[in-house]
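Examining the three-dimensional arrangement
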Amino acid sequence: MILVIPVFVPHAGCPHDCCFCNQKIISGSKKLPGADEIADKIGSYASEAVRYGEVEIAFFGGSFTAIEPEAQEHYLRAAAPFLKINGGFADCIRISTRPDAIDEKVIERLKKYSVRIVELGAQSMDDNVLRLSERGHTAEDTRKASALLKAGGFTLGLQTMTGLPGADRKSDTKTALEIASIEPAFVRIYPTVVVKNTKLFRDYEAGLYRPMPLDDAVSLCSELCEIYSKHNISVARIGLQSTDSITINGEESEVAGGPYHEAFGQLVRSYDALQSVSETLDNVLKKHLSGSPGTLTLRTEPRYFSDALGQNRANAEKLRSSFGFEKVILSSSADPGGPSTAKRAGRVVSAESFKPDNAKYEHRLAKDTKAEVTVRREPTGRDSFRIRTDVTAEIVFKSLK
Ligand code: SF4
């Protein structure tokens with residue numbers, strides 16, 4: 001398990017005000033931290049850190065390498081004593097910055113202070129979208145900075161956004177393909193939301209910007225995740241993190257519009273699960289069922305249970321209504337497909353294993369997931385005059401690890 005110690009650097013070093021950004025709000029922090037403050041913050045994690053396999057000190061929120069070099073050193077020096085190589089408890093430092101704020105000098109500085117992970121705010125690889133979003137850099141800046149960082153041995157992360165001004169599904173998909181070709185270690189995907197006190201908010205109010213509806217953003221992000229999965233690039237996050245400034249007591253305080261959901265990533269994973277189960281059932285039911293199906297039992301490992309169930313049982317209800325099941329049962333089992341399944345299975349009429357090569361499911365319930373489907377048929381009628389045949393499809397998700 002990784003412990004990330006977040007140190008927010010709000011709006012520091014930004015030569016631009018990107019149209020969607022009010023960093024002071026998004027980072028949940030409103031002033032620059034001083035060196036003592038940073039040291040106190042990092043130090044406060046000392047006892048907790050022993051429980052984690054990896055501890056990272058993360059300067060998040062601004063454009064770290066765009067601030068004055070002296071200020072960068074000031075922050076990095078404050079963090080340095082906490083690194084294991086200096087007798088501390090943290091494994092590494094990570095920063096986030098702009099693609100046009102990386103050059104050889106910066107690389108040397110980051111190496112000097114043992115920064116290991118660098119995240120670049122690429123946002124889009126479409127220059128027109130970058131221009132309309134007032135990013136102040138180009139796609140080529142992202143390519144160059146990425147190449148420099150990879151050559152310097154850093155772990156590269158690329159942050160992207162969907163639904164920016166001028167973007168559509170096609171350009172967002174193209175961006176994902178280009179990002180994948182850069183081969184970062186990981187990406188983050190943030191659907192654009194309209195945050196108050198930004199230029200985007202003003203455009204939204206004036207009817208000049210229409211955000212992507214939530215459902216569209218969910219299905220788009222699912223497709224993008226599939227692209228990254230095929231390229232073995234992990235998706236570290238989908239959707240903005242809920243901070244006290246974004247959400248207060250569950251109410252979206254600073255978000256004026258757009259596909260914001262505090263559990264956006266889960267919506268995407270649930271969408272994947274629904275798609276995957278639906279595709280699999282389509283095949284199974286076509287092959288094995290005539291008449292209406294009875295009960296669908298979906299068994300998953302506990303960690304996939306809520307994704308498979310969907311928010312407010314949405315997946316269970318959609319599966320029931322789409323396929324005509326009388327009942328959809330979801331159960332969580334630490335050992336799906338194990339002895340308990342065998343014991344409860346009735347007369348097995350056929351069994352199939354589905355390798356997830358064509359299943360969307362693979363990509364996030366994930367690379368490490370496979371689906372097995374067993375169809376069984378058992379008599380359940382109590383009425384001796386009317387023997388009813390109930391068909392139960394058991395779908396088991398389990399880790400390949
Ligand atoms: S560069 Fe990053 S922090 Fe600065 S205004 Fe743009 S999005 Fe916000």
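Described below are features of the structure shown in this document. What you see is a predicted model; the values in this text were computed from it and never measured.

**Points about the overall build of the chain**
Broken down by element type, the chain carries 14 helices and 16 strands. Sorting the 401 residues of the chain into buried and exposed places 52% on the buried side. Across the chain, contacts joining residues at least 24 apart in sequence account for 76% of those joining residues at least 6 apart.

**Observations concerning the layout of surface pockets**
In this model, the second largest pocket occupies a volume close to 260 Å³. Taken together, 13 residues line the second largest pocket, and the ones lying closest to its centre are D215, V218, L267, Y271 and K318. Its residues placed into classes, the lining of the second largest pocket shows six nonpolar, five polar and two charged. Both of domain 1 (2-262) and domain 2 (270-399) provide at least three residues apiece to the lining of the second largest pocket.

**Notes on the side chain of Q159**
Within the element layout of this structure, Q159 appears in strand β5 (residues 155-162). Since its relative accessible area comes to 14%, Q159 is described here as buried. When near neighbours in sequence (up to four residues on either side) are disregarded, Q159 contacts S96, E119, L120, G121, A122, Q123, R188 and Y190.

**Quick notes on helix α10 (residues 214-230)**
Here α10 spans 24 Å end to end across 17 residues, near enough to the 24 Å set by a 1.5 Å rise per residue. Looking one or two residues beyond α10, the residue adopting positive phi is N232, at roughly 55°.

**Here we look at the nonpolar core**
In this structure, I42, F59, I93, V118 and Y228 are the most contacted members of the largest nonpolar core, which totals 61 residues. With eight residues, the single largest contributor to this core is α10. With sequence-adjacent residues up to four places away left out, Y228 is seen in contact with T160, A176, I179, A180, V187, I189, I233 and V235. Grouped together as the second largest cluster of nonpolar side chains are 17 residues, C18, C19, V129 and V193 included.

**Thoughts on the pairing of β5**
For a regular strand, side chains alternate in direction, first toward one face of the sheet and then toward the other. For β5, the tally of buried residues reaches seven of eight residues, placing the bulk of the element in the interior. The pairing of β5 with strand β6 (residues 186-191) spans six bridges and is parallel. Each bridged residue has a counterpart across the sheet, and for M161 the counterpart in β6 is Y190.

**What about the packing of aromatic side chains?**
The full count for this structure, using the stated rule, is five aromatic pairs. Pairing F59 with F64 gives two aromatic rings, centres 5.0 Å apart and planes at 35°, and the pair type is tilted. Taken individually, F59 and F64 each receive the classification buried, so the pair is uniform in this respect. Ring plane angle 50° and centroid distance 6.2 Å describe the contact between F64 and Y75, whose orientation is recorded as tilted. Of the two residues, F64 sits in the loop between β2 (54-60) and α4 (69-79) while Y75 sits in helix α4, which places them 11 residues apart along the sequence.

**A few points about the packing of helix α2 (residues 35-43) against α4**
For the pair α2 and α4, the least separation of the axes is 9 Å and the interaxial angle reads 30°. Judged on the interaxial angle alone, α4 and α2 are roughly parallel. As for how α2 packs across α4, the hand of that crossing is right-handed. Within the contact between the two elements, α2 uses A35, I38 and I42 and α4 uses H74, Y75, A78 and A79. Looking at the contact of α2 with α4 residue by residue, the class counts come to six nonpolar, one polar and no charged.

**Overview of unusual backbone geometry**
Even without a glycine there, the phi angle at N232 is positive, about 55°. Mapped onto the elements of the fold, N232 is located in the loop between α10 and β8 (234-238). For N312, which is not a glycine, the phi torsion comes out positive at approximately 55°. Relative to the elements of secondary structure, N312 occurs in the loop between α12 (302-309) and α13 (314-323).

**Structural notes on the pairing of β2**
Along β2, seven of the seven residues are buried, which leaves the element largely enclosed by surrounding structure. Neither face of β2 is open: one carries E54, E56, A58 and F60, the other V55, I57 and F59, and all of them are buried. Where strand β1 (residues 2-8) meets β2, seven bridges bridge the pair, whose relative direction is parallel. Across the sheet, F8 pairs through a bridge with F60, a residue of β2. Here β2 pairs with strand β3 (residues 92-97) via four bridges, running parallel. Looking at the pairing, E56 lines up with C92 of β3.

So, how was this worked out
- Residues numbered from 1 in each chain as written.
- Predicted model: local features only at pLDDT ≥ 70, side-chain atom pairs only at ≥ 80, totals over all residues.
- Heavy atoms only, no water.
- Helix = DSSP H or I, 4+ residues; strand = E, 2+ residues; numbered from the N terminus.
- Buried < 20%, exposed > 50% of the residue type's maximum accessible area, 1.4 Å probe, protein only.
- Contact = heavy atoms within 4.5 Å.
- 1 Å grid on protein atoms, 1.4 Å probe; cavity = no way out; pocket = protein on both sides within 12 Å on 5 of 7 lines; lining within 4 Å.
- Points joined across faces, edges and corners; volume = space filled by probe spheres on them.
- Nonpolar A, V, L, I, M, F, W, Y, C, P; charged D, E, K, R; others polar.
- Domains from an automatic or database assignment.
- Expected span 1.5 Å × (residues − 1).
- Core = buried A, V, L, I, M, F, W, Y, C linked by side-chain atoms within 4.5 Å.
- Pairing = 2+ DSSP bridges.
- Phe/Tyr/Trp six-rings, centres within 6.5 Å; stacked < 30°, edge-to-face > 60°.
- Axes fitted to C-alpha atoms, helices over the stretch in contact; angles between N-to-C directions.
- Parallel < 35°, antiparallel > 145°, perpendicular 65-115°, else oblique.
- Left-handed = near helix turned anticlockwise from the far one by under 90°.

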